[in-house]
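Coordinate inspection notes
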Amino acid sequence: MIDLVWLIPVIMAGAALANGLGCRKLGKIAGYISVGAMITTFVISCMVFLQVRDITKAIPHHGGEHAAEQEAHHGRHGASMLAEYETLGHEQQEAIKAQYLFVRADPKAPKPYDTTVRGGLGGHVPLYEWINIPGVFRGDRPLTIEFAFHVDQLTSIFLMFISFVGSLVFIYATGYMKEGPHNTLDPGYARFFSYLALFAASMYTLILGANFVVMFIGWEGVGLCSYLLIGYYFDRQFSAKLSCADAGKKAFVANRVGDFGLMLGMFLLFWGLGTLDFQTIITMLSGDVSALPAGFGYNGAIITAATLLLFLGATGKSAQIPLFVWLPDAMAGPTPVSALIHAATMVTAGIYMLARLNVLYMLAPTTLVVVAVIGGATAFIAAFAGLTQRGIKKILAYSTVSQLGYMFLAMGVGSFAAGIFHVFTHAFFKACLFLAAGSLIHALHHEEDVFKMGGLAKKMKGTAFAYGFATLAIAGIVPFAGFFSKDEILYNVYTAAQGSNGGFYCALWLLGLLTALLTAFYMGRSFVLAFLGKTRLQEHPAHDAHQAEGEDAHDDHHHHAVAYSEVHESPLPIVGPIVILGILSLVVGWLNIPEGLLPLGDFNSLFHHFLAPVTDRGALLVAAQQYGYTGGAAPAGAIVVGEVLSNNALATNWHGPELILAIVSVAIGLVGLGFAFMLYGSGSLAKSECLARKPLLRNLWNISFSAWKWDDVYDAIFVRMMMTIYAIALWFDQNIVDGVVNGIGLLNRRIGIEFRRLQNGQVQVYGLVMFVGVCVVLLYFVLSLPQALGENRMTVTERTREILGSKNVSSITTKPVALPEQPPTTLAKH
Amino acid sequence: MPLLSLIIFAPIAITLVGAIFSPPKQMRLVALVSMLVGLALTLFAACTQFDWSGNHTAIVQVYGDSAQSSFQLRESIQWLSDFKISYIVGADNLSMLMVILTAVLGVFGVLCSWKAIDRREKEFYIYLLLLQTGIMGTFLALDMFLFYMFWELMLIPLYFMIGIWGSANRLYATMKFVLYTLVGSVLMLIAIIWMYFNNGATVDGVDTLTRTYSYEVMLATQQGSAAATFHHALWPFLALFLAFAIKVPLFPLHTWLPDAHTEAPTAGSVILAGVLLKTGGYGIIRFCLPLFPEAAVSFAPAITWLAVIAIIYGAWTAIVQTDIKRLVAYSSVSHMGFVILGIFSMNPQGMAGAVLQMINHGISTSGLFLAIGMLYERAHTREMSKFGGLAHTMPVYAALMLVMVLSSVGLPGLNGFLGEFTVLLGSMHNVPMLLDAQNPVSFAAYMNMTHYTWLVAGLATTGVIFGAVYLLILYQKTFFGKPAGAHDDHSHDAHHGDSHGHGGSYPDLSIREWGQLAVLGVAALFIGLYPKPVWKAIAPATRDALAPVATTLDKRIAELPNPGVKLASIQSETRLAAK
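Residues numbered from 1 in each chain as written. Chains lettered and ligands numbered in written order. Predicted model: local features only at pLDDT ≥ 70, side-chain atom pairs only at ≥ 80, totals over all residues.

**Focus on the overall build of chain B**
Our working rule: Every helix listed is a DSSP run of H or I at least four residues long, and every strand listed is a run of E at least two residues long, numbered separately from the N terminus. As defined in this context, the radius of gyration uses C-alpha atoms, and a globule is described by 2.2 Å times the residue total to the power 0.38. Counting other C-beta atoms within 10 Å of its own, a residue is labelled buried from 20 upward, exposed at 12 or fewer, and partly exposed in the gap between, with every C-beta atom placed from the backbone. Residue pairs qualify as contacts under a 7 Å threshold applied to their C-beta atoms, which are placed from the backbone.
Along its length, chain B carries 23 helices and six strands. Here chain B has a C-alpha radius of gyration of 24 Å; the compact-globule value for 579 residues is 25 Å, and the two agree. With the C-alpha coordinates of chain B rotated into their principal frame, the extents come out at 80 × 60 × 40 Å. A total of 579 residues make up chain B; the buried ones form 64% of that total. Pairs at least 24 apart in sequence give 77% of the contacts found in chain B among residues at least 6 apart.

This is the structure:
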């Protein structure tokens, strides 16, 4: 099945094309085409996943199982090796262990660790040669880029959750993209599903790409679809300042700034390593250290620069500081889009890339510090902005930015699997939250303000149940999914704080805990405000409904106040996916229960074990290099000893205060939720308004509500400054560059007029002019003569040649120039 | 069969004969047939008669001088023997690619004029075909004098096309266009005459000269010896380069372009952007680099900076335009900057990218001009503020325009990306600049910037951001939002009596119209996803353009104070490539 993985993006692209060409004629069928295609890709993804899992299983976790095989292979008994090992010093023991660990994670490792799939742990699926520029000069570096896909554990996980969440969102969208009382299809129904399918195709290409450039097709493709879908209601206004189309443009341009970094990072890697293929790069970097070009070793200058530039790309796509500003405005798109693209899948692309390149990032510790700081800071800043927002989608948008920050924080402390696990759980609970929010918005006819909701749990039980589950998950309450993933991240940061620079990581850890508190509060707040307490909607339909209709026609937003009694649960295509995702928000976390919390034997850290061959490579390489690994295979002895010694060595060793830390973070989550209940539980806003009047809190409220005025600052610095620069450039073009051109034109005319006067027919004047000319020419030659005869000992011929900029005066004169009296300028007339 | 001569002259001949017999209204049909004949001949030549492997060589004789030539389908006639001027045409991969582009866009040039040209049709189409002849000849001529004649021939028809069928400010624009490019032509003529007199090599202090206008002979002479006479010629290189740079156009010689584009009829803009600008890039690759490698290497850093400025500056000025055509014209300055940047990176990535970028620009920018022309026929205005919400009323148009815009933005998966990507990739390893950085008296050494090609690549890559900005502005203002005029009172329409209210009421594209855009869109997608045939065709062109420069670069590297170390730093990849 791995060989047929290209079917996945192709099917989605086909669906996109069919919907795009069929357009309005298709009607409802457009939705079925996309949903059908998406479910098909889910099935294929499952098959790919199962195959990858089988292969991963074939890799031994425990040395004992393969003892016989090893004996045959190495011809020595493991026990005697072990005895030898025991006699070694600690340093040497560690060195052997590290080398073993690394080699085992190496896809090119010798048997018995080699597997049947091509390329070791993953499948390389080349389709055709895409870019091929052969070298010309002997120093040239040929550029060959295959259009190729690559399947490994990381890819298969992404395939699974993208296709699964995607299918649910697609089904949801068939219910959501209907308008009005008669459930008429949205006028752009086919266009919408065409974009969605194109998005899925691009997203699949992104994660399947075997090299940077194929990944970049998907990377920009999802950006394009995001642009098109944010601007889906292209004739509407999103906020006072932005139209939906503006919001789309903002997203695209912010992403392009990131892509600028991504491209430069690629260029650096190419000129350093001569390839853009992920596996080749990783193999090269984990190979012979002495063969690497300068700047590519541990903490090397070029690898640091390249990883930083690539990270800029990640901040664009995954909405981190400094480029996160587009994501809150991306909520201008329809809600299914927000759920799928701007929460579950596309925005995790940056994290995917970092995990994919974990070897590079682990070799660049400076970059990792930057990643950790940016991640932690974004998590906090966005969570703080989420505290006071009123639009439910706005709250969720800031929450997404904040959660993505957590993921980068995990990457920054080198625990890539933990980051990916949070991507995974987040995809379920955040999609659930967005879809539930969409269900609310749909039921309330485009009302997004949580202050105008309340008490909806009674009316919309399914939605409320799912939203509640997902809230508990994101707040990190045991045993919901978010608890396990977030706790693992915080635990890893805490572990990092035990090493060097402990204070720095400790601060990050505290920031993470504080963010967890804020997260629990704002999510609790949104849940309480929307679903609990006394409703703030009108109890019964107002009599002036027709007036509302009039307004509706005016602002084209189709939203008139819905009365509480009119609210009813959304139809099945909407509620079904929400409930499924709600249940999954509970259970998916159980895939990665750390041993320190609950010893379950083989069931502990399943997710991490599965990903380890991909995501732990960097950490293992760095550890191995610390102990003297310089490339090549580990000695046979090391393999045997390591095999015997290592029990679950690839998994993070959960130990120490794991349980205490877990209790702390759950307590913090409960405090946050409790505070939200206290403040808003009654359904009245009086308490919070009372709080907000206090001077200090008032200021904090302002900072939060305006999202740190980030947009305004960017507006002032970048947008306005750039507009001034553009205007100056235009002025320069029209007046200076073109001014010179027009000036020369005018000057010529002027000169023509002046010269006409000279043509007066007086021979004396002509003679005078000629005399002056000859004098000037002679003077020039006399002046240049000393130089020509000076230290260079140039002949006049050579000098003349030099003046004329060539070596062939003789060609002009047909005989060598010997005398200075013959001015060459006159010769040129021949 | 003199295939290339037929490609050059058959279309205009058919048109001239047709013009005698056909009524004015049917002239467009005659022109279409002529263009299609040209296209058919071109495709016949390209697909069946032409060897794309780039391995073709033959010994040719021009007025008694023999030379090794890689040109195919050669036709050679002695013409003005007294001056050793002959009619020689021939094609290699580079010219064949350009000829195909020209032939295809020629058809679109007629199709987009189908309804737009409603007066003096005969003249118009004769000029259009004459222009086509000039361009084809320029790409195929192998005699410098013949090249110059075709080069001048391109000028005249466009002068009339803009001057007669252009819009309001056409006289200023056409005057500026002609005078500006004429300055370049004069420089070129001087350079060509200089080349005629100075072609040769200095052996043991004696100049052996071969006076010739034949490009093949010149190339053979100049490449045959390290002491070739052109090697130290800076001024002829500059004169030739300026002529081509004006055509490209390279900053700061670009101001004729926005005026010419804005005022030209659609067909003029399409041909101008699609092929005419390419003659500049073609000339640089064909003549400047192989004949004057020393000068090219010496001037490369300065030219590279101009290219970087062109990319950014063209984009900046495009962003603030209000006239759609002007915006696209400035975007051409930016996009053609990539071509120059790629050429003067002097590595395969840059060069191949530059050639591909020329083709891509021909596809996407012509597509944009075609599309804008369709809109102009409906609205009779090019002001973006007069449009809006067209995505509602013209969905097909919106979709096809989107493809063109994205191709121009450089979205991966479409053609534009590949050219930009490879050029930018190449620019990070701009070999002349790396050499320059080793030169103790250079600016780079003064600034202690050993990695200043990174700066070049970094600055040029910002063009990718600004490119997205202006093209999205263009798309948003015309297609998104509410139909313009929906809120306007009708006093506004008084100015444009013939436009029946703005926005909303335009009919969507006809088959003739969307067919044109669809063909270009499919081409964009095809090159974007399966560019293998194109790369194959480009590779020999890259090799031929870079081989002479490579020798020079090699020599320069050897001349460095500490060649071993410097070589390693300039070509740090050698070691890895050897593995």
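**Observations regarding the overall build of chain A**
A count of helical and extended segments in chain A gives 34 helices and four strands. Relative to its full complement of 830 residues, chain A shows a buried share of 53%. Look at the contacts in chain A between residues 6 or more apart in sequence, and 78% of them connect residues 24 or more apart.

**As for the interface of chain B and chain A**
How big an interface is tends to be expressed through the accessible area that disappears when the partners come together. Test applied: Three classes are used: nonpolar for Ala, Val, Leu, Ile, Met, Phe, Trp, Tyr, Cys and Pro, charged for Asp, Glu, Lys and Arg, and polar for all others, with Gly counted as polar.
In this complex, chain B contributes 64 residues to the contact, which on the side of chain A involves 55 residues. Ranked by residues supplied to the side of chain B that touches chain A, first place goes to helix α19 (residues 452-479) of chain B with ten residues. Residues that form the side of chain B that touches chain A fall into these classes: 36 nonpolar, 23 polar and five charged.

**Observations regarding unusual backbone geometry**
In the segment running from V478 of chain A into P479 of chain A, the intervening peptide bond is cis, with an omega of 0 degrees. With respect to the helices and strands, the residue P479 of chain A is situated in the loop between α19 (461-475) and α20 (481-496). Residue F251 of chain B is joined to P252 of chain B through a cis peptide bond whose omega torsion reads 0 degrees. The phi dihedral of H380 of chain B is positive, around 55 degrees, even though this residue is not glycine. By the element assignment, H380 of chain B lies in the loop between α13 (348-379) and α14 (390-393).

**Observations regarding the nonpolar core**
The test is simple: Remark: nonpolar core denotes a set of buried Ala, Val, Leu, Ile, Met, Phe, Trp, Tyr and Cys residues whose joining runs through C-beta atoms within 7 Å.
Ranked by internal contacts, the top residues of the largest apolar core, which has 483 residues, are V165, F267, A431 and C432 of chain A together with C288, I340 and V355 of chain B. Ranked by the residues each element gives to this core, the list is headed by helix α18 (residues 416-443) of chain A, at 20 residues. If we skip the residues at most four places from it in the chain, A431 of chain A touches V165, V169, A339, L340, A343, A344 and L581 of chain A.

**Quick notes on the confidence of the model for chain B**
Residue and element names in this part refer to chain B. Definition in use: Each residue carries a pLDDT value, the predictor's own confidence for that position, ranging from 0 to 100.
This prediction gives chain B a mean pLDDT of 86; 90% of its residues lie at or above 70. Counted against residues more than four places away or in other chains, residues 487-503, with its pLDDT under 50, gives 21 contacts. The model gives residues 572-579 a pLDDT under 50, and that stretch makes ten contacts with residues more than four places away or in other chains. For this predicted complex, the interface confidence score (ipTM) comes to 0.91, while the overall pTM stands at 0.88.

**Considerations on the pairing of strand β1 (residues 58-62) of chain B**
All names here are of chain B. Convention followed: Strands are labelled as partners when DSSP assigns at least two bridges between them.
Strand direction decides the pairing type here: β1 and strand β2 (residues 65-69), joined by five bridges, are antiparallel. What sits directly across from A58, in β2, is S69. Hairpin connection of β1 to β2: two residues between the antiparallel strands, including Y63 at a positive phi of 50 degrees.

**What about the packing of helix α30 (residues 710-758) of chain A against helix α11 (residues 293-319) of chain B?**
Heads up, the rule is: To obtain each axis, a line is fitted to C-alpha atoms, and for helices this fit is confined to the stretch in contact; angles are then taken between N-to-C directions over 0 to 180 degrees. Every angle not falling under 35 degrees, over 145, or within 65 to 115 is termed oblique; those three ranges are roughly parallel, roughly antiparallel and roughly perpendicular.
In the contact formed by α30 of chain A and α11 of chain B, the axes pass within 8 Å of each other and the chain directions differ by 105 degrees. It follows from the interaxial angle that α30 of chain A and α11 of chain B lie roughly perpendicular. In contact with I725, Y726, A729, L730 and D733 of chain A of α30 of chain A, α11 of chain B contributes Y313, W316, T317 and I319 of chain B.

**So, the environment of R382 of chain B**
All names here are of chain B. Assignment of secondary structure puts R382 in the loop between α13 and α14. Linking R382 and A201, residues 181 residues apart in sequence, is a C-alpha distance of 55 Å. Sequence-distant contacts of R382, defined by excluding residues within four places in its chain, comprise D323, I324, K325, I372 and Y376.

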